[in-house]
Amino acid sequence: DCLNLTCSSKLGSVYSRVGPGDWKKLGGTQPFGGELFAIAAKGADVVVSTATAVYRYDGQAWAAISTSGINGPIRDLRHCGQSLYGAGVGGTFFKGSSTLLQSQGTIGSQNLYSIHCPNESELWVAGSSSLFQKNGTGLWTARNSATVKHADYRAVWSPGQGEAFAFGDSRYGTYWNT
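All figures in this text were calculated on a predicted structure; none of them were measured in a lab.

Colleague: So what exactly am I meant to see when it comes to the overall build of the protein here?
Modeller: If you tally the helices and strands in the protein, you get zero helices and 18 strands. In summary, the protein has a C-alpha radius of gyration of 17 Å against a globular reference of 16 Å for 178 residues, a match within 12%. Dimensions of the protein, computed from the C-alpha atoms along their principal axes, are close to 50 × 40 × 35 Å. By residue count, 40% of the 178 residues in the protein fall in the buried class. Expressed as a percentage of contacts within the protein between residues at least 6 apart in sequence, the contacts between residues at least 24 apart total 34%. Just so you have it, the protein exposes about 9400 Å², and 48% of that area is on carbon and sulfur atoms. Considering the protein, the positive charge centre built from 14 side chains and the negative charge centre built from 11 side chains are found 2 Å apart.

Colleague: Looking at this structure, I do not really get the environment of K149. What am I missing?
Modeller: The topology assignment puts K149 in the loop between β15 (141–142) and β16 (153–160). With 19 residues separating them along the chain, K149 and S130 place their C-alpha atoms 9.4 Å apart.

Colleague: What am I meant to see in the sheet that holds strand β14 (residues 130–135) here?
Modeller: In any sheet, the strands associate via hydrogen bonds between backbone groups, in a parallel or an antiparallel arrangement. The four strands are arranged β12-β13-β14-β15 in an open sheet whose pairing can be described as antiparallel. What marks the edges here is a single partner per strand, and that holds for β12 (112–119) and β15. Bridge count for β14 against β15 is two bridges, and the pairing is antiparallel. In the strand pairing of β15, Q133 is matched with T141.

Colleague: How should I be thinking about the pattern of salt bridges in this particular structure?
Modeller: Under the defined criterion, the tally for this structure stands at two salt bridges. Its salt-bridge partner being E35, residue K10 comes within 3.8 Å of it at the nearest N-O pair. Residue K10 is located in the segment before β1 (15–19), and its partner E35 is located in the loop between β2 (22–25) and β3 (38–42); the two are separated by 25 residues in the primary sequence. Exposure remark for K10: the relative accessible area of 37% places this residue in the partly exposed category.

What counts as what
- Residues numbered from 1 in each chain as written.
- Predicted model: local features only at pLDDT ≥ 70, side-chain atom pairs only at ≥ 80, totals over all residues.
- Heavy atoms only, no water.
- Helix = DSSP H or I, 4+ residues; strand = E, 2+ residues; numbered from the N terminus.
- Rg over C-alpha atoms; globule rule 2.2 N^0.38 Å.
- Buried < 20%, exposed > 50% of the residue type's maximum accessible area, 1.4 Å probe, protein only.
- Contact = heavy atoms within 4.5 Å.
- Areas by Shrake-Rupley, 256 points an atom, 1.4 Å probe, with all protein chains shown as cover.
- Lys, Arg positive; Asp, Glu negative; His and termini not counted.
- Charge placed at Lys NZ, Arg CZ, Asp CG, Glu CD.
- Pairing = 2+ DSSP bridges.
- Salt bridge = Lys/Arg side-chain N within 4 Å of Asp/Glu carboxyl O.

Without other data, these values stay purely geometric and don't point to any function.
Structure representation (structure tokens):
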């Protein structure tokens, strides 16, 4: 919700649908106090990120979770198998669970906005002029080509092993097939 006419100040809230056209705040009072940047849900477990913290709703109440290395908002959160991943400013990447999220260093140096995992062993991340892929325990690979000028991607989706679509702040998307 915008807190002023110019929408320069925002207050994020998480709602759940309790019936047709009937929504209520998830868990009652929410401790965020500012803008929300990402949300991930798995069963009754809901995780959201603010500019400086990550919060979890465990089906009963909201609480901040333990984190390391957050230096700006985590722009996307994604459950992949048993792990929770996060991507954010300056190429920061996080891995953990809905109770502990730890920095895994950076992937490139550009802001990251989206994560997708077509299966538990393959990850794709996209962001400002960047698209990366990781298989299993291998290293991240920048997906570059002389014929592709990457846009400022805001979403990545992979239909299956070795391929991804990235879309964002441009007129066209990119399809990548390794």
